[in-house]
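Report on the structure
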Amino acid sequence: PDDPRVLFERLERKVKQMLKRGAGRDFLAAFEPRLTAMLRGQEDPGSPVAREDSDDGFTLVDSEGGPGFKLELVRTRVGVEVALGDAMHRLVAHAVCHFHSLSSSSRPDPASGKKQLVIVFPRAGREVPRPRMLLSEFLDAEEQQGQEQSFEHAA
């Protein structure tokens, strides 16, 4: 199915609640477009998410404008690997993969000491449902709709 509501409902209840509360949304908004661009073979160094691209990844700056953190999406023969030391970021990344019907797993990375998220893309010729909107866009739309309903009830 390409219906984002159906895809969202497939996620674990705790993850859905966390995302609805806004936790991990900055990471989600930066990670998901980059991952889906790699999935579709459309990496665009000029896109807002990839603006600070280098050969070894890209840098995300947190919402407070702090120093940010390094997030390296490394293309592999079968998909993408990314080292994520933050458990919440790993949880969000797994949710993104599930939403987009991608297989993902975590394993220790002895080189960095972080957990390595391994994302497997579908084999060539196997079509995966493409959601009508990104998970981050769906959550933004749901939030907007909830605010409009609250405003209508208050009036």
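The structure we're discussing is the one just above.
From a predicted model like this one, the values you see are computed outputs, not experimental measurements.

With respect to the overall build of the protein chain
Counting its secondary structure elements, the protein chain contains 5 helices and 6 strands. Considering only residue pairs separated by 6 or more positions, the protein chain has 61% of its internal contacts joining residues 24 or more positions apart. For the protein chain, the accessible area works out to roughly 9300 Å², and carbon and sulfur atoms hold 49% of it.

A closer look at the pairing of strand S4 (residues 79-84)
Of all 6 residues in S4, 5 are buried, a share of seventy percent or more. Of the strand pairs in this sheet, strand S3 (residues 73-75) and S4 are connected by 3 bridges, and their pairing is antiparallel. Bridging from a neighbouring strand, valine 74 pairs with glutamate 81 of S4. Hairpin remark: S3 followed by S4, antiparallel, with 3 residues in the connecting loop. Across 6 bridges, S4 lies against strand S6 (residues 115-120) in antiparallel orientation.

Focus on the nonpolar core
Side chains of nonpolar character tend, in soluble globular proteins, to be buried together. Grouped together as the largest cluster of nonpolar side chains are 30 residues, with contacts concentrated most on Leu19, Phe31, Leu35, Ile119, Phe121 and Leu135. When contributions to this core are tallied by element, the ones reaching two or more residues are helix H1 (4-9), helix H2 (13-21), helix H3 (25-39), S4, helix H4 (87-99), S6 and helix H5 (135-154). If near-sequence neighbours (up to four positions away) are discounted, phenylalanine 31 is found in contact with Leu71, Leu73, Val82, Ala93, Val96 and Ile119.

Digging into the environment of lysine 16
The residue lysine 16 is located in helix H2 in this model. In the structure, lysine 16 is positioned 79 residues away from alanine 95 in sequence and 8.8 Å away in space, judged by C-alpha atoms. Sequence-distant contacts of lysine 16, defined by excluding residues within four places in its chain, comprise Phe8, Glu9 and Leu11. At a separation of 3.0 Å, a polar atom in the side chain of lysine 16 contacts the side chain of glutamate 9.

Conventions adopted
- Residues numbered from 1 in each chain as written.
- Predicted model: local features only at pLDDT ≥ 70, side-chain atom pairs only at ≥ 80, totals over all residues.
- Heavy atoms only, no water.
- Helix = DSSP H or I, 4+ residues; strand = E, 2+ residues; numbered from the N terminus.
- Contact = heavy atoms within 4.5 Å.
- Areas by Shrake-Rupley, 256 points an atom, 1.4 Å probe, with all protein chains shown as cover.
- Buried < 20%, exposed > 50% of the residue type's maximum accessible area, 1.4 Å probe, protein only.
- Pairing = 2+ DSSP bridges.
- Core = buried A, V, L, I, M, F, W, Y, C linked by side-chain atoms within 4.5 Å.
- Polar contact = N/O pair within 3.5 Å; in protein donor to acceptor, adjacent residues only side chain to side chain.

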